[in-house]
Amino acid sequence: MSATANLPPPPVKRDSYGNDNGRHDELQEKAEKLSSSMSSANSFYQERLKDKFLEKAMKDATSDGTSGHNNGTSDPMNPLMLEAEMFAIKDYFRLMKFKYLEQHAKLDLMHNLTGEEGKILEPGENEEKERTNAKKKAALKANKVHLEELRAEALKLSHEVSSTHREVAESVGEVNNYMKKVKEMEHELARIRGVHPVKDRITVTAAEKLLAEQDEYITELTTNTFELTEETDKTSDEVNRAAKQVASSSREKERQEALAKEARAGREKGDGKVDELCSWFTSAIEVYRVLLGIKSVKPVGTNELHLEYETLPSSSGESRKPVTLALLFDETTKRLEDAKLVDHSANIEDAVEIARRSNDVPSLIAKVRTRIQ
């Protein structure tokens, strides 16, 4: 080995605190060269990187000065130390370059998105932006609520539109059916025109006249049918009433025939009791008519009876017109239904009501006689 290998390292300049001034100056010089080479970069980030590098250099210089030089590894002039320090500095600068490029890429991206240059935040800007962001968040929340309302309304309208669409589809289907029927009618009309030539057809005027005549004929037939139906109903009612009267008369006839047969048998035997009763009954009727002032009795229809009263002459001796009492009976039960005076103003409604309830015709006849005199 040469003699120079065992030589001690050159003395290191130190300050009053024991720091290595020579290496500190060297690192500071390198930092200044680095900062001058990055003059084209952003000034803000350049200053920050410079401060970080100087801080790192001061820390390294302080640690190297206090660790001692027992083995010579902290000596900047040691060839073994230079290579390791060079690689460490390269790695450090590579990391700084990566961070710088990353930050610069972020700034370029923000510039491309917003079109604004990067700004340096001043104190209080974050609070202002937080307040602005809070307002924007509140507005965004309100817009979301409004959007949800619009979505619900759109959903409701979609259901209504769907219902309307179904209705329109049904209407379109009906229209298509009508169009199909119209086409079928057109084909049928064309067929009829082919079967029936024009020369065999009648004119519109003749067709309208024929239609009017047929309408009149149908109306007349309908009227006659209605009248015949009413007459048939009335005739049926009359036939039913007549049948009931015939049945009642048949029973009465049988009873009277039995009485007449009995009277004839008694007369043949010399019994004149029946003749005496007939004479007495006839005389009683005449007396009753005279007492009640009844001039005549005339049946009207099957259930109506007219009694004509004789009236007393007036105070001047002039004769008065006879008064007629119309009695109406029920066709089935033969009970009194109603009574009225013909051409006379006397009020007999109360007497008629009492007689109708009790079916007391003689009492009614007597009361009417009293009221018309």
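Residues numbered from 1 in each chain as written. Predicted model: local features only at pLDDT ≥ 70, side-chain atom pairs only at ≥ 80, totals over all residues. Heavy atoms only, no water.

Here we look at the pairing of strand E3 (residues 323-329)
Then comes step 1: Along E3, six of the seven residues are buried, which leaves the element largely enclosed by surrounding structure.
Then comes step 2: Here six bridges tie E3 to strand E4 (residues 336-342), and the two strands are oriented antiparallel to one another. Bridge pairing in E4 places Leu325 opposite Leu341.
Then comes step 3: Here E3 hands over to E4 after six residues, with Lys334 in that stretch at a positive phi of 65 degrees. (Buried < 20%, exposed > 50% of the residue type's maximum accessible area, 1.4 Å probe, protein only. Helix = DSSP H or I, 4+ residues; strand = E, 2+ residues; numbered from the N terminus. Pairing = 2+ DSSP bridges.)

Let's talk about the sheet that holds strand E2 (residues 304-309)
Then comes step 1: The strand order across the open sheet formed by four strands is E1-E2-E3-E4, and the pairing between neighbours is antiparallel. Because the sheet does not close on itself, it has two edges, and the strands there are strand E1 (294-300) and E4. The average angle at which neighbouring strand axes cross in this sheet is 20 degrees, direction not considered.
Then comes step 2: Direction of pairing for E1 relative to E2: antiparallel, over a ladder of six bridges. Along E2, the bridge assignment pairs Lys298 with His306. (Axes fitted to C-alpha atoms, helices over the stretch in contact; angles between N-to-C directions.)

Remarks on helix H7 (residues 349-358)
Residues spaced three or four apart along an α-helix point in a common direction, a consequence of the helix completing one turn every 3.6 residues.
Then comes step 1: Residues of H7 that are buried: Ala351, Val352 and Ala355. All buried residues of H7 lie within an arc of 100 degrees about the axis, which places them on one face of the element. Among the exposed residues of H7, those pointing more than 90 degrees away from its buried face are Glu349 and Arg357.
Then comes step 2: In this structure, the buried residues of H7 make contact with E4 and helix H8 (361-372).
Then comes step 3: Positive phi appears at Asn359, one or two residues downstream of H7, with a value of about 55 degrees. (Arc of directions from axis to C-beta. Contact = heavy atoms within 4.5 Å.)

Quick notes on a negative patch on the surface
Then comes step 1: A cluster of acidic residues, Glu227, Glu230, Glu231, Asp233, Asp237 and Glu238, forms a negative patch at the surface.
Then comes step 2: Locating Asp237 in the fold gives a position in helix H5 (residues 204-268).
Then comes step 3: Residue classification places Asp237 among the partly exposed positions, given a relative accessible area of 41%. (Patch = residues over 30% accessible without salt bridge, like charges linked within 9 Å, V, L, I, M, F, W, Y side chains within 5 Å. Areas by Shrake-Rupley, 256 points an atom, 1.4 Å probe, with all protein chains shown as cover. Salt bridge = Lys/Arg side-chain N within 4 Å of Asp/Glu carboxyl O. Lys, Arg positive; Asp, Glu negative; His and termini not counted. Charge placed at Lys NZ, Arg CZ, Asp CG, Glu CD.)

Overview of the nonpolar core
Grouped burial of nonpolar side chains is what soluble globular proteins tend to show.
Then comes step 1: Core analysis: the biggest nonpolar cluster contains 20 residues, and Leu325, Leu327, Leu364 and Val368 have the highest contact counts within it.
Then comes step 2: When contributions to this core are tallied by element, the ones reaching two or more residues are E2, E3, E4, H7 and H8.
Then comes step 3: In terms of residues, this core owes the most to one element, H8, which gives five residues.
Then comes step 4: Apart from the residues lying within four places of it in its own chain, the contact partners of Val368 are Tyr309, Leu325, Leu341 and Ile348. (Core = buried A, V, L, I, M, F, W, Y, C linked by side-chain atoms within 4.5 Å.)

Description of unusual backbone geometry
Then comes step 1: Even without being a glycine, Asn359 presents a positive backbone phi close to 55 degrees.
Then comes step 2: Looking at where Asn359 falls in the secondary structure, it is placed in the loop between H7 and H8.

Things to note about the side chain of Arg369
Then comes step 1: One can find Arg369 in helix H8.
Then comes step 2: Note on Arg369: relative accessible area 17%, which makes it buried.
Then comes step 3: When near neighbours in sequence (up to four residues on either side) are disregarded, Arg369 contacts Leu292, Gly293, Tyr309 and Glu310.

Details of a nonpolar patch on the surface
Then comes step 1: Judged by side-chain polarity, Leu109, Met110 and Leu113 come together as a nonpolar surface patch covering roughly 330 Å² of accessible area.
Then comes step 2: Residue position: Leu109 is located in helix H3 (residues 79-114).

Here we look at the pattern of salt bridges
Then comes step 1: One pass over the structure, following the stated rule, counts six salt bridges.
Then comes step 2: Linking Arg356 and Glu353 is a salt bridge whose minimum nitrogen-to-oxygen distance equals 2.7 Å. Of this pair, Arg356 and Glu353 are both found in helix H7, three residues apart, which corresponds to roughly one turn of the helix.
Then comes step 3: Taking relative accessible area as the criterion, Glu353 reaches 29% and is therefore assigned partly exposed.
Then comes step 4: Here Glu353 ties to Arg357 by a salt bridge, and the two come within 3.1 Å at their closest N and O atoms. Of this pair, Glu353 and Arg357 are both found in helix H7, four residues apart, which corresponds to roughly one turn of the helix.
Then comes step 5: On the basis of relative accessibility, which here comes to 63%, the residue Arg357 falls in the exposed class.
Then comes step 6: What emerges from the salt-bridge pattern is a single network uniting Glu353, Arg356 and Arg357.

These results come straight from atomic positions and should not be treated as a statement about function.
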